[in-house]
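As a plain string of letters, each chain reads:
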Amino acid sequence: MEPRISIVTLGVSDLERSVRFYQDGLKWPLSSASEAAIAFFRTGGIVLALFPKEELAKDAEVSSKGNGFHGFTLAHNVREKAEVDETLEFVRKAGGKILKPAHDAFWGGRSGYFADPDDFLWEVAWNPHFPLRKDGSIELPV
């Protein structure tokens with residue numbers, strides 16, 4: 001199996017609200033492949049999809065019940081240390097909930113966390129050990 005993540009799909013409680021947050025609030029471009037029942041955003045090589053939570057659970061043949069911590073976070077890495085603070089402020093103004101303000105991290109970078117309208121956790125991070133390429137992908141050591 002080739003090591004690749006192609007699409008991350010979030011099961012959301014209100015598709016229209018989530019599309020507004022990502023498209024209008026965060027200014028991410030909505031793909032023309034989107035339909036009334038699903039939204040797609042291209043994010044530097046990986047696609048973020050938004051799909052109603054009940055329908056996503058039905059498609060995977062699992063229960064949609066459950067709340068609290070989802071057991072994972074998504075990350076948005078930035079090129080410069082100051083961009084962590086700037087990005088979290090941008091997200092706050094777009095309607096995101098800041099959960100952990102920007103701070104210097106023990107591993108030598110800077111990070112903070114926010115939640116989207118369905119409480120999916122996003123880390124905004126500057127990591128001097130993982131620089132970003134021109135295309136926005138991470139330069140990960142071998």
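Keep in mind it's a predicted model, so treat the numbers as computed, not measured.

## Describing the sheet that holds strand β6 (residues 110-115)
So, step 1. The mixed open sheet is built from four strands, whose spatial order is β4-β7-β6-β5. What marks the edges here is a single partner per strand, and that holds for β4 (74-77) and β5 (97-104). With direction set aside, neighbouring strand axes in the sheet form an average angle of 15 degrees.
So, step 2. Taken together, the six bridges between β6 and strand β7 (residues 121-126) define a ladder with antiparallel strand orientation.

## Some points on unusual backbone geometry
Of all residues except glycine, most have a negative phi; of all peptide bonds, most are trans.
So, step 1. Here K27, not a glycine, exhibits a phi torsion of approximately 70 degrees, which is positive.
So, step 2. With respect to the helices and strands, the residue K27 is situated in the loop between α1 (15-25) and β2 (39-43).
So, step 3. A relative accessible area of 59% means that K27 is categorised as exposed.
So, step 4. Positive phi, normally seen in glycine, also occurs at D119, with a value near 65 degrees.

## Here's the deal with the sheet that holds strand β1 (residues 7-12)
So, step 1. The mixed open sheet is built from three strands, whose spatial order is β1-β3-β2. At either end of the open sheet lies a strand with only one pairing partner, and these are β1 and β2. Ignoring which end each strand starts from, the neighbouring axes of this sheet average 20 degrees apart.

The rules behind these values
- Residues numbered from 1 in each chain as written.
- Predicted model: local features only at pLDDT ≥ 70, side-chain atom pairs only at ≥ 80, totals over all residues.
- Heavy atoms only, no water.
- Pairing = 2+ DSSP bridges.
- Helix = DSSP H or I, 4+ residues; strand = E, 2+ residues; numbered from the N terminus.
- Axes fitted to C-alpha atoms, helices over the stretch in contact; angles between N-to-C directions.
- Buried < 20%, exposed > 50% of the residue type's maximum accessible area, 1.4 Å probe, protein only.

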